[in-house]
Amino acid sequence: MRLSAPSRWALGLWAALVVGFLILPLGVIVLFAFDASNVQTFPIQHWTTHWFHVAWNDPAVRSALWLSVKAGALATLIALVLGTLVAFGIHRFKFFGRDTVSLLLVLPLALPGIVTGLALQSAFFLVNIQFSLYTIVIGHTTFCIVVVFNNVLARLRRTSTSLREASADLGASPIQTFRLITLPIVRTALVSGALLAFALSFDEVIVTTFTAGAQNTLPLWIFGAIRLGQQLPEVNAVVVGVLLLTAIPLLVAARLTGGERVASPAAPIQPAGE
Amino acid sequence: MKRTTWAKLLAPCAAAVLVSFAALPLGSTAGASNGTPPTQGDPVLTSVGKGEGALNLIAWEGYAQPTWVSPFQKATGCHVSVKYAGSSSEMVSLMANGGGHQYDLVSASGDADLRLIYGGNVRPVNIRLMTAWKNFHPFLRSPAFNTINGHHYGISYEFGPNVLLYSTKSFPKAPASWSVIYSSKYRGKVTIPDNPIQIADAALYLSKTKPSLKITDPYELDSTQFNAAVNLLKAEHPLIKKYWDLASQEISLFQNGEVVVGAAWPYQTNTLKAAGAKVADTIPREGATGWADTWMLATNAPHPNCAYRWMQWVTSAKVQAEQAIYFGETPANTLACPIMNTLLKNGCALYHANAPASYYATLKFWKTPLPQCGNGKSNCESFTQWQQAWTTIIG
Amino acid sequence: MTLAGTLYRRSGAALWRRPWLRGALTLSPPLAWFLVVYLASLVVMLATAFFTVDPLTGNIHHTWTWSNFSQVLTQPDYRSIIFRTVVMAVLVTITDVIVAVPFAYFMAKIATRRVRQLLIVLVLLPLWASYLARVYAWVNILSDKGLLPTIESHLGLPHTYIAYSNTAMWVVFCYLWLPFMIVPIYGALERVPDSYLEASADLGAGSFATFRRVLLPLILPGIVAGTIFTFSLTLGDYITPLLIGGSSSYFIGNAIYDTAINGGDLPLAAALAFVSIVIMGVYLLAARLAGAFEAL
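Residues numbered from 1 in each chain as written. Chains lettered and ligands numbered in written order. Predicted model: local features only at pLDDT ≥ 70, side-chain atom pairs only at ≥ 80, totals over all residues. Heavy atoms only, no water.

**A word on the overall build of chain A**
Here comes step 1: Looking only at helices and strands, one finds 11 helices and zero strands in chain A.
Here comes step 2: Each helix (α) and strand (β) of chain A, taken in turn from the N terminus, gives the series α-α-α-α-α-α-α-α-α-α-α.
Here comes step 3: A principal-axis box enclosing the C-alpha atoms of chain A has dimensions of 70 × 65 × 30 Å.
Here comes step 4: For chain A, with 274 residues in total, the buried portion stands at 61%.
Here comes step 5: Taking as baseline every contact in chain A between residues at least 6 positions apart, the subset at least 24 positions apart corresponds to 75%.
Here comes step 6: As displayed, chain A has an accessible area near 10600 Å², and 69% of this comes from carbon and sulfur atoms.
Here comes step 7: Once the 16 positive and 10 negative side-chain charges of chain A are each reduced to a mean point, those two points are 9 Å apart. (Helix = DSSP H or I, 4+ residues; strand = E, 2+ residues; numbered from the N terminus. Buried < 20%, exposed > 50% of the residue type's maximum accessible area, 1.4 Å probe, protein only. Contact = heavy atoms within 4.5 Å. Areas by Shrake-Rupley, 256 points an atom, 1.4 Å probe, with all protein chains shown as cover. Lys, Arg positive; Asp, Glu negative; His and termini not counted. Charge placed at Lys NZ, Arg CZ, Asp CG, Glu CD.)

The following block contains the structure:
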């Protein structure tokens, strides 16, 4: 396909417009973080950095942020282990119900979040589990597994099995093969899967509403603050802070993976056939 | 899909179903009898002991601000954790299902209180341990929505009216009747809360405009009265720009001129006025509903001493004033009024904290619609029907 | 050779000779999680759809009945809620595909390496800004005194007031799920070798023919994968309708939430959830047939 120069320019313009569309609300958030008034409308009458101080010193924000980080880290960790295990399992072994399992593994992301949240909440009530950080982690891990699974499986599909066999032929034990051959191959998939899983967990609000007890993750705090409406600029200030914190790792990650597939769920439905 | 694939798909699912059914508690739980709340006989604390070190609340956002939570934590050693809920019904859900052993207190509004009481999820408190109680407005000491047979299932906290908010540009004079929100003259420029209890506001309006329906209590409606209120609201649907869920939404709607009239709380009025918007509020001649919050004690509260200390703390005049000014409501404690004025210019009057008793008498406070009507009959619509009808109104 | 070393070697060999054991060990932890945590909860909740709730106490009566399903499927109010949600999901999906494909093509085939890196960051960056804050920002943009009318008056364009309407919801949904659509399509495009496209051109096909007959079939699984996200995320969302929807924006997600949490009627909510699962199941089936399940 050889595109003419005008076509390439048109596509470039389209790309610029889409980027503008994606970034526009972020710009609005940044703008209103400096709005002195609680009632956030245009034009902005008074500008201030006051809300950043408020956010920085707000104990509720700090504990919410810390809880989100903890929950995200735990969920991502468990999801990395379980997601990788199931990706390897699906990739390497034929067994009864493999099609089903592939399909079922997609459900946490394919089904609406409110269904997952309601189901988990009902289950926790039934079994009389106290809602805590761990119930939040259970909820998040369930959909984080899917993300890791997709990434790792996609990577595994593109590697040839002969590498593993050659390694075994050369005398390496299964553990050595895993450590020296398989792991380096799937490493980028693990990183991108972990990154996406953490991002999903960090920003998750619907399932978390149903699985949290007397704790607030950052999205829950934000939802509460939006509901109350007294601290809207503070919400924007907090979001700006989070953006600044995460833009840097994102840039670094993009560079490290050479501009390729930083976080790609590939096709979320992975075929069971190989 | 091939037949075998269907089998592959269904077999594990069937297995899961069978396993789960084994775990289901079968057999229905007997419903509480209507007259006596299940926890009426529960013993109350005779004195407040040492704090347990923690306190778990279910509350509205803004009810656990650092301004009064930090000194409380320092003074009592009870570390406060809060679960924020968006509606009274959500609070009932949380308490009914998992609240048994997890939460200590819930700041439910009147529309939820009776459900909590008759569901056995809250227990009586010893009102004598709350010294601020004697300074409460008389109508909030033992109101019908939280006191039954002389047992107090919590302590009243703060309250507010549901007023008619209007743009002074569209209404140079205050509207005299709620009819303005049902009038097609303001099509697309009206807003009311997204809350099934709004059916009571419609019923209140009909009680004055259609006396033939004989509505005496807007929360006790038989099917004829109920259907009339629901039909009024359905007819109103095309006039509504948005059913507001968040106070900030209504503020935004008025600020941007997207609506010109609607049902609101004094909080919205005062915030809009402070931002320079040309609005005002009023209570029209048909009267108004009102909401009042109660801190209720969970039946199996894990930290009862901390819970009592919290109730004592937040009913003190100072905290009542701080809460009132922050959230935009009226304290139950009459001694809070002068403190409100120090926090906000004219704060006390802005929130009607010093209004005469006649003002409060016009408010019909929220209470849970139950099948038992005051007239000895049991044919009134229950809250579940209100919720279902509300879905058909806004759907 | 130490005892540990012997055990290590022996277990390695045993595992190598018994693939079923390896398979079982690999798969049991994740599958156990799925079965016990996710599937069991789902099934238990859906089972309550066959029960009813006592209007006074809110307790569940365990008597088998179809009444919840008949209510949800026959009452016109519920039908219009379901219909409205599905239509919105379809519209959002179609729009996002149209927006994402040219963008992903630019990213994968035309952009230089540095521009591509930058674009990837810019596409993923919104995912790190709170979903709630972004929706609320759109309220600010689309309100009557918001950014959009302000820009329109500066440019002399007629004012469009679309806040609190289904149009606003469509815009916001398209915005929110766009990164989820772009990423799989980009991934699919990336894997199409340039040589295919050049060969097609060499054989005389114009750009559009190449796109239709060479590129599209190759990236279709990626597109369909992306649509699964947009469809399912729109289907179940209740927060966006809450924040920016109008008076006719009551969706299945809102109905489920209100019925379960505000109405305390878990059985009816479960029946609604059942309906949304069936809709999603049908969509997944169609996606499978369209090839999202095929080997990459």
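On we go from here.
**Structural notes on the sheet that holds strand β8 (residues 163-167) of chain B**
Residue and element names in this part refer to chain B.
Here comes step 1: Strand order across the open sheet formed by five strands is β10-β9-β11-β8-β12, with mixed pairing between neighbours. Two strands close off the open sheet at either side, each with one partner strand: β10 (240-244) and β12 (279-282). Strand-to-strand twist across the sheet, computed as the mean angle between neighbouring axes with direction ignored, equals 25°.
Here comes step 2: Here strand β9 (residues 190-193) pairs with strand β11 (residues 261-264) via two bridges, running parallel. (Pairing = 2+ DSSP bridges. Axes fitted to C-alpha atoms, helices over the stretch in contact; angles between N-to-C directions.)

**Quick look at the packing of helix α12 (residues 252-262) of chain C against helix α13 (residues 266-290) of chain C**
Residues and elements named next belong to chain C.
Here comes step 1: Interaxial distance between α12 and α13 falls to 7 Å at its minimum, and their mutual angle equals 155°. The pairing of α12 with α13 is recorded here as roughly antiparallel in orientation. Helix-helix and strand crossings are classified by hand; for α12 and α13 the assignment is left-handed. Listed contacts from α13 to Ile252, Ala255, Ile256, Thr259 and Ala260 of α12 are Leu266, Leu268, Ala269, Leu272, Ala273, Ser276 and Ile279.
Here comes step 2: Looking at the contact of α12 with α13 residue by residue, the class counts come to 10 nonpolar, two polar and no charged. (Parallel < 35°, antiparallel > 145°, perpendicular 65-115°, else oblique. Left-handed = near helix turned anticlockwise from the far one by under 90°. Nonpolar A, V, L, I, M, F, W, Y, C, P; charged D, E, K, R; others polar.)

**Quick word on the nonpolar core**
Here comes step 1: Among the nonpolar cores identified, the biggest contains 313 residues, and Leu55(B), Ile199(B), Trp295(B) and Trp310(B) are the most heavily contacted of them.
Here comes step 2: In terms of nonpolar packing, the next biggest core, distinct from the first, is built from nine residues, Ala324(B), Ala336(B), Cys348(B) and Ala353(B) among them. (Core = buried A, V, L, I, M, F, W, Y, C linked by side-chain atoms within 4.5 Å.)

**Quick word on the interface of chain C and chain A**
Here comes step 1: Opposite the 102 residues of chain C that make contact, chain A presents 100 residues.
Here comes step 2: Summing both sides of the interface, chain C and chain A together bury roughly 9200 Å²; the carbon and sulfur share of this comes to 79%.
Here comes step 3: Notably, a salt bridge pairs Asp203(A) with Arg134(C), separated by 3.8 Å at the nearest N-O pair.
Here comes step 4: Taken together, the connections running from chain C to chain A amount to seven residue pairs in polar contact (both at pLDDT 80 or more).
Here comes step 5: By residue number, the principal contributor to the side of chain C that touches chain A is helix α2 (residues 19-47) of chain C, which donates 17 residues. (Buried area = accessible area lost by both parts, 1.4 Å probe. Salt bridge = Lys/Arg side-chain N within 4 Å of Asp/Glu carboxyl O. Polar contact = N/O pair within 3.5 Å; in protein donor to acceptor, adjacent residues only side chain to side chain.)

**Thoughts on unusual backbone geometry**
Residues and elements named next belong to chain B.
Here comes step 1: Despite not being glycine, Asn149 shows a phi value in the positive range, around 55°.
Here comes step 2: The residue Asn149 is located in the loop between β5 (147-148) and β6 (151-152) in this model.
Here comes step 3: Although it is not a glycine, Asn346 adopts a positive phi angle of roughly 65°.
Here comes step 4: In this structure, Asn346 sits in the loop between α13 (337-343) and α14 (347-350).

**What about the side chain of Ser276(C)?**
Here comes step 1: Here Ser276(C) lies in helix α13.
Here comes step 2: Taking relative accessible area as the criterion, Ser276(C) reaches 1% and is therefore assigned buried.
Here comes step 3: Contacts of Ser276(C), omitting those with residues within four sequence positions, involve Pro112(A), Val115(A), Leu235(C), Ile252(C) and Ile256(C).

**Some thoughts on the confidence of the model for chain C**
Residue and element names in this part refer to chain C.
Here comes step 1: The predicted model of chain C has a mean per-residue pLDDT of 86, with 96% of residues at 70 or higher.
Here comes step 2: Helix α1 (residues 3-17) is the least confidently modelled element of chain C, averaging 76 in pLDDT, while helix α4 (residues 76-110) averages 93, the highest of any element.
Here comes step 3: Scoring the predicted complex yields pTM 0.85 and, for the interface, ipTM 0.85. (pLDDT = per-residue confidence, 0-100.)

**Some words on the pairing of strand β13 (residues 288-298) of chain B**
All names here are of chain B.
Here comes step 1: Most of β13 sits out of view: 11 of its 11 residues are buried.
Here comes step 2: One ladder, built from five bridges, connects strand β3 (residues 105-109) with β13; its direction is antiparallel. Among the inter-strand pairings, Ser109 is bridged to a residue of β13, identified as Asp293.
Here comes step 3: Pairing geometry for strand β4 (residues 122-123) and β13, over two bridges, is antiparallel. Each bridged residue has a counterpart across the sheet, and for Arg123 the counterpart in β13 is Leu297.
Here comes step 4: One ladder, built from five bridges, connects strand β7 (residues 155-161) with β13; its direction is antiparallel. The partner of Phe159 across the bridge, within β13, is Ala292.
Here comes step 5: Bridge analysis of β13 against strand β15 (residues 363-365) gives three bridges, and the strand direction is parallel. From the neighbouring strand, Ala288 faces β15, where its bridge partner is Leu363.

**Comments concerning a nonpolar patch on the surface**
Residues and elements named next belong to chain C.
Here comes step 1: There is a patch of nonpolar side chains on the surface, built from Phe83, Val87, Leu91 and Trp170 and spanning about 380 Å² of accessible area.
Here comes step 2: In terms of residue count, the dominant contributor to the nonpolar patch is α4 (three residues).
Here comes step 3: If you trace the backbone, Phe83 turns up in helix α4. (Patch = residues over 30% accessible without salt bridge, like charges linked within 9 Å, V, L, I, M, F, W, Y side chains within 5 Å.)

**Some thoughts on the state of the cysteines**
All names here are of chain B.
Here comes step 1: One pass over the full model with this rule turns up three disulfides over all chains.
Here comes step 2: Note that Cys373 is cross-linked by a disulfide to Cys380, the S-S spacing being 1.7 Å. Around the S-S axis, the bridge from Cys373 to Cys380 shows a dihedral of about 130° and counts as right-handed. (Disulfide = S-S within 2.5 Å.)

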